[in-house]
Amino acid sequence: MVTYTEYDCLLNLVRKRRTIRQFLPDPVPDEYITRIIETARWAPSAFHTQPWEFVVVKDEELKNKIVTVLEQLGPPIKDPAKESLERKSFKDAPVYIFLLCDWRAKVGLPGQASENTAQVTNLFNSSLANAFLYMHLAAAALGLASQWYTASSRLEVESAVKEIIGIPDALTIYDMMVVGYEASPPDTKIVRSIDDVVHYNDCGLQDFRTDEEVIAYAEKTKAWCMSQH
Ligand SMILES: Cc1cc2nc3c(=O)[nH]c(=O)nc-3n(C[C@H](O)[C@H](O)[C@H](O)COP(=O)(O)O)c2cc1C
């Protein structure tokens, strides 16, 4: 008989994992970092190519260089309502983990997929997203806080960070995970209801949201997200 114990554990963990944007400087044990990456090793990847590498940055000087680049060139997300306040920042966190994609692994894809750039990009980005999410869930399971930081949003950001940490040309940065202990708890998250998102069998236009509903909800989530930064 199926009991929901395992499922409940999983759902609790999924709900516990939140994006934290303000960290304490307290160090994280190396063992925890290894455990975070251990989960990612088991993530599903396209044709089991496992095109990932992980760079753990703890060195203060390197971190400062990365912070400078990301703050200058990173995603310009600013809540105008908080213009005068000090912005929340990942910079106090003790560890940054970069998840890299090694594109040479594409030779492990079957048939012509490895020669189709759009297909390889799609397959590898999905593979890396799996690994990355596992890492964030593992951090939450260890009582740690984490932030998914888009460190490759623009070519110049990625190149600058690659140079700081010495990444060869064949590899790119998927994204950066900020790891530490939370300095302030996240706000309650709004999520779409199960009835709104699930559809069965033969669906038609009437099963999905109207353009107006999509726009109205997007405005709500955008405002919520902005207030979290
Ligand atoms: C692809 C992707 C990119 C993201 N990039 C950033 C980012 O650059 N900075 C940030 O603070 N959060 C980033 N996030 C986190 C989202 O803003 C966050 O997951 C969302 O607001 C929901 O909040 P939650 O993570 O607390 O559940 C990213 C999330 C994803 C999936």
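(A) Structural view of the pattern of salt bridges. Following the criterion strictly, the structure yields seven salt bridges and no others. Residue E60 is joined to K63 by a salt bridge in which the shortest nitrogen-to-oxygen separation is 3.1 Å. Here E60 and its partner K63 are both found in helix α3 (residues 60-73), three residues apart, which amounts to about one turn of the helix. Taking the relative accessible area as the measure of exposure, K63 reaches 3% and is therefore buried. For the salt bridge of E156 with R154, the shortest nitrogen-to-oxygen distance reads 3.1 Å. Classification of E156 as partly exposed rests on a relative accessible area of 41%.

(B) Local environment of the pairing of strand β3 (residues 95-102). With respect to burial, β3 is a largely interior element, eight of its eight residues being buried. Alternating residues of β3 divide into V95, I97, L99 and C101 and Y96, F98, L100 and D102, and every residue in both groups is buried. Alignment of strand β2 (residues 52-57) against β3, held across six bridges, turns out to be antiparallel. Paired with W52 across the two strands is C101, which belongs to β3. Of the strand pairs in this sheet, β3 and strand β5 (residues 171-182) are connected by eight bridges, and their pairing is antiparallel. Residue pairing in the sheet places I97 in a bridge with M177 of β5.

(C) Examining a nonpolar patch on the surface more closely. There is a patch of nonpolar side chains on the surface, built from V2, Y4, Y7, L10, L11 and V14 and spanning about 630 Å² of accessible area. Its location among the elements puts Y4 in the segment before α1 (5-16). Owing to a relative accessible area of 61%, Y4 belongs among the exposed residues under this scheme.

(D) Region of the structure containing the site of the ligand. By nearness alone, 13 residues border the ligand, and R18, T19, R21, T150 and K189 come closest of all. Between the ligand and R21 there is a distance of 2.6 Å, counted from an oxygen atom to a side-chain nitrogen or oxygen. Contact between the ligand and T150: a nitrogen atom at 2.7 Å from a side-chain N or O atom of the residue. Here the ligand has 620 Å² of accessible area as a free molecule, and 72% of this is covered by the chains. Looking at the shell around the ligand, the elements that each hand over two or more residues are β4 (145-149) and α7 (211-228). Per element, the largest residue contribution to the shell around the ligand is three residues, and it comes from β4. Taken together, the residues that form the shell around the ligand break down as five nonpolar, four polar and four charged.

(E) Region of the structure containing the packing of aromatic side chains. Counted under the stated rule, the structure contains seven aromatic pairs. Taken together through their ring pairs, the aromatic side chains of F90, Y96 and Y149 make up a single cluster. Note that K63 overlies the ring of Y96, its terminal NZ or CZ placed 5.5 Å from the centroid.

(F) Quick peek at the packing of helix α2 (residues 30-41) against helix α4 (residues 117-141). At a closest axis distance of 8 Å, the pairing of α2 and α4 adopts a crossing angle of 145°. Considering only the axes of α2 and α4, their crossing is right-handed. Facing α2, whose interface residues are R35, I36, T39 and A40, α4 presents A131, Y134, M135, A138 and A139. For the contact of α2 with α4, a count of residues per class yields seven nonpolar, one polar and one charged.

(G) Representation of the side chain of S127 in the model. By secondary structure assignment, the location of S127 is in helix α4. Residue class for S127 comes out buried when judged on its relative accessible area of 2%. Of note is the side chain of S127, whose polar atom sits 2.9 Å from the backbone nitrogen of A46. If near-sequence neighbours (up to four positions away) are discounted, S127 is found in contact with P44, S45, A46, P51 and W52.

(H) Examining the layout of surface pockets more closely. Computed from the structure, the second largest pocket encloses a volume of approximately 250 Å³. Together, L11, V14, R15, R17, R18, K189 and V191 line the second largest pocket. Class assignment for the residues of the lining of the second largest pocket results in three nonpolar, no polar and four charged.

Reading the values: rules and limits
Residues numbered from 1 in each chain as written. Predicted model: local features only at pLDDT ≥ 70, side-chain atom pairs only at ≥ 80, totals over all residues. Heavy atoms only, no water. Salt bridge = Lys/Arg side-chain N within 4 Å of Asp/Glu carboxyl O. Helix = DSSP H or I, 4+ residues; strand = E, 2+ residues; numbered from the N terminus. Buried < 20%, exposed > 50% of the residue type's maximum accessible area, 1.4 Å probe, protein only. Pairing = 2+ DSSP bridges. Patch = residues over 30% accessible without salt bridge, like charges linked within 9 Å, V, L, I, M, F, W, Y side chains within 5 Å. Areas by Shrake-Rupley, 256 points an atom, 1.4 Å probe, with all protein chains shown as cover. Near = heavy atom within 4 Å. Polar contact = N/O pair within 3.5 Å; in protein donor to acceptor, adjacent residues only side chain to side chain. Nonpolar A, V, L, I, M, F, W, Y, C, P; charged D, E, K, R; others polar. Phe/Tyr/Trp six-rings, centres within 6.5 Å; stacked < 30°, edge-to-face > 60°. Lys NZ or Arg CZ within 6 Å of the ring centre and 35° of its normal. Axes fitted to C-alpha atoms, helices over the stretch in contact; angles between N-to-C directions. Left-handed = near helix turned anticlockwise from the far one by under 90°. Contact = heavy atoms within 4.5 Å. 1 Å grid on protein atoms, 1.4 Å probe; cavity = no way out; pocket = protein on both sides within 12 Å on 5 of 7 lines; lining within 4 Å. Points joined across faces, edges and corners; volume = space filled by probe spheres on them.

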